[in-house]
Amino acid sequence: QCVAGGVGERRRAAVSAAELRARDGVAGAGAWVCVHGEVYDVAPLVPRHPGGAALLRRHLGTDATRAMEERGHSANAYRMLKQYHVGTLVPRPQRSSRNEGGADARQCPGDGAGGAGRSGGGAGGMGGSESSARGGSEPAGHWEIGEATSARLGIDPHRALVWQVGALGDKYSAWVHTPEDVASPRFFVSGWAEALTKTHWWAVPLAWVPVCALTALRAAAIAVAAAASRASETGAEEGIARVASMFTTAVWGAAAPRRAVLACVVFPFGLGALVLWPLLEYAVHRFVFHARTCSWAGNTMHFLLHGCHHKHPMDPLRLVFPPAAAALPVLGLLGVAVLLGERTGSPSARAALLAAHAGTVAGYVAYDLLHYRLHHCEAASAREAALQRGHISHHFKDGRAAFSISTTWLDAALGTAPVQRKRAGRGEQREGRSNAGVRRPACD
């Protein structure tokens, strides 16, 4: 018989359909949903629900089984739901349909093969077990993604996590990619250090929009001054400036100062925002933030940089990068742009480099705000819905896909789109190889 969490003692009470309908989140009446015959009080989850609170509120007081299945919730999502269990709906709904894994739909989600099949995780995603792909060849004691919860590994999320994760060794990767719903996990013992890890979404534009605007204005001033004084440049630079000037004149028919701003500021700004930032975002996310570590220092640094977000993806105060931490790369790249511009001796080059930096920072600000929105708001367009599906899948199903948050073309071009990864996972399973996706380093 199906019981919440697969543990008999967690069954609390029988819940009638009328009682479920009364807990619809209105006027503090509770926020209950029914999933596969089990009833959950999701009131604490509503404000942190991936995809937005409004989406979850529409299903309060009802049977949300079909909605969860249609949206392809992973086994990780079903596992996290168990902590909110209230009781069992009586009479239990009878459903004759079968899920995509072939198991009876009344089976508890996430328990065994049926749960993984229904969630869409399977062997190819983080929502399911990888053991089927390995053929059971992993040594005893190896922890699978989805199994390495904090409770099972002796990690207390309410004590300083930063000083606990290093000791996990080679178990860290499975642990950090097993998402958990903890309302306010603690990172540091120190209060001021803990405060620095929490960032409201508005802090990002507050910190970096002025920097971006001042840098772009400085670039425009340099470009206009150079055009007005007819500053001389080297042959190669004259050629570049002349081609850009001819193009802007043909399109806009602008006067010289306006052409200078268009050629040396607007174009580089757009290049930084639309090309340089997406490339940087993808490269850092895939090759730095998802590098596999097992040493004490590596685990600790990875957790601080990105692992904390994968472990606790629903923490609203740890969705955007703290300005104090972002200051090093942002201001460092600004220094590089200034030095390179000075070395060229060309006002046009100086303006273009500053504008490209401003555009890259603007792309970063837009990315972080979009990232927050994808986690905590309902999609407002088809494009946003596609980005949201990819990113939520990255967190709860397959962390080896959808590395680009603000675009879809980079993942498609580089073979890491969710659909491409799913096909690759099936191919690995047929060949009997591990689908871990990365080489496991030795931890001595």
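Quantities reported herein were computed from a predicted structural model and do not represent experimental measurements. (Residues numbered from 1 in each chain as written. Predicted model: local features only at pLDDT ≥ 70, side-chain atom pairs only at ≥ 80, totals over all residues. Heavy atoms only, no water.)

Visitor: It is not clear to me how helix H10 (residues 203-229) should be interpreted in this structure. Could you clarify?
Guide: Spanning 27 residues, H10 covers 40 Å between terminal C-alpha atoms, matching the ideal 39 Å at 1.5 Å per step. Listed as buried for H10 are Ala 203, Val 204, Pro 205, Trp 208, Cys 212, Thr 215, Ala 216, Ala 219, Ala 220, Ile 222, Ala 223 and Ala 226. (Helix = DSSP H or I, 4+ residues; strand = E, 2+ residues; numbered from the N terminus. Expected span 1.5 Å × (residues − 1). Buried < 20%, exposed > 50% of the residue type's maximum accessible area, 1.4 Å probe, protein only.)

Visitor: Please explain the sheet that holds strand E4 (residues 85-89) as it appears in this structure.
Guide: The pairing of strands in a sheet happens through backbone hydrogen bonds and is either parallel or antiparallel. Sheet architecture is open: 4 strands sit in the order E1-E4-E3-E2, paired in mixed fashion. Edge positions in the sheet fall to strand E1 (14-15) and strand E2 (32-35), since each has one partner strand and no second. Bridge analysis of E1 against E4 gives 2 bridges, and the strand direction is parallel. Bridging across to E4, Val 15 finds its partner in Leu 89. (Pairing = 2+ DSSP bridges.)

Visitor: How should I be thinking about the nonpolar core in this particular structure?
Guide: Counting 19 residues, the largest nonpolar core has Val 204, Trp 208, Val 361, Tyr 364, Val 365, Tyr 367 and Leu 374 as the members making the most contacts within it. At the level of elements, H10, helix H14 (323-344) and helix H15 (347-376) are the ones that each hand at least two residues to this core. Residue contributions to this core peak at 8 residues, all from H15. Other than its neighbours up to four places away in sequence, Leu 374 contacts Gly 51, Glu 384, Leu 387, Gln 388, His 391, Ile 392 and Ile 405. (Core = buried A, V, L, I, M, F, W, Y, C linked by side-chain atoms within 4.5 Å. Contact = heavy atoms within 4.5 Å.)

Visitor: Before we go on, may I ask you to explain the packing of aromatic side chains in this structure?
Guide: Each pair of aromatic rings is reported with the distance of its centres and the angle of its planes. Per the counting criterion, the structure on display carries 9 aromatic pairs. Arranged with centres 6.3 Å apart and planes meeting at 15°, the rings of Trp 163 and Trp 296 form a pair that is stacked. Note that Trp 163 is positioned in the loop between helix H7 (150-153) and helix H8 (172-176) and Trp 296 in helix H13 (residues 296-311), a separation of 133 residues in sequence. Ring centres 5.3 Å apart and planes at 55° place the aromatic pair Trp 277 and Tyr 367 in the tilted group. Here the residue Trp 277 occupies a position in helix H12 (residues 256-287), and Tyr 367 occupies one in helix H15, the gap between them amounting to 90 residues. Take Trp 277: its relative accessible area is 11%, and that puts it in the buried class. Taken together, the ring pairs connect Tyr 172, Trp 175, Phe 187 and Phe 303 into an aromatic cluster. Here the guanidinium or amino end of Arg 23 rests over the ring plane of Trp 32, the centre of that ring lying 4.8 Å away. Here the guanidinium or amino end of Arg 318 rests over the ring plane of Phe 187, the centre of that ring lying 3.7 Å away. (Phe/Tyr/Trp six-rings, centres within 6.5 Å; stacked < 30°, edge-to-face > 60°. Lys NZ or Arg CZ within 6 Å of the ring centre and 35° of its normal.)

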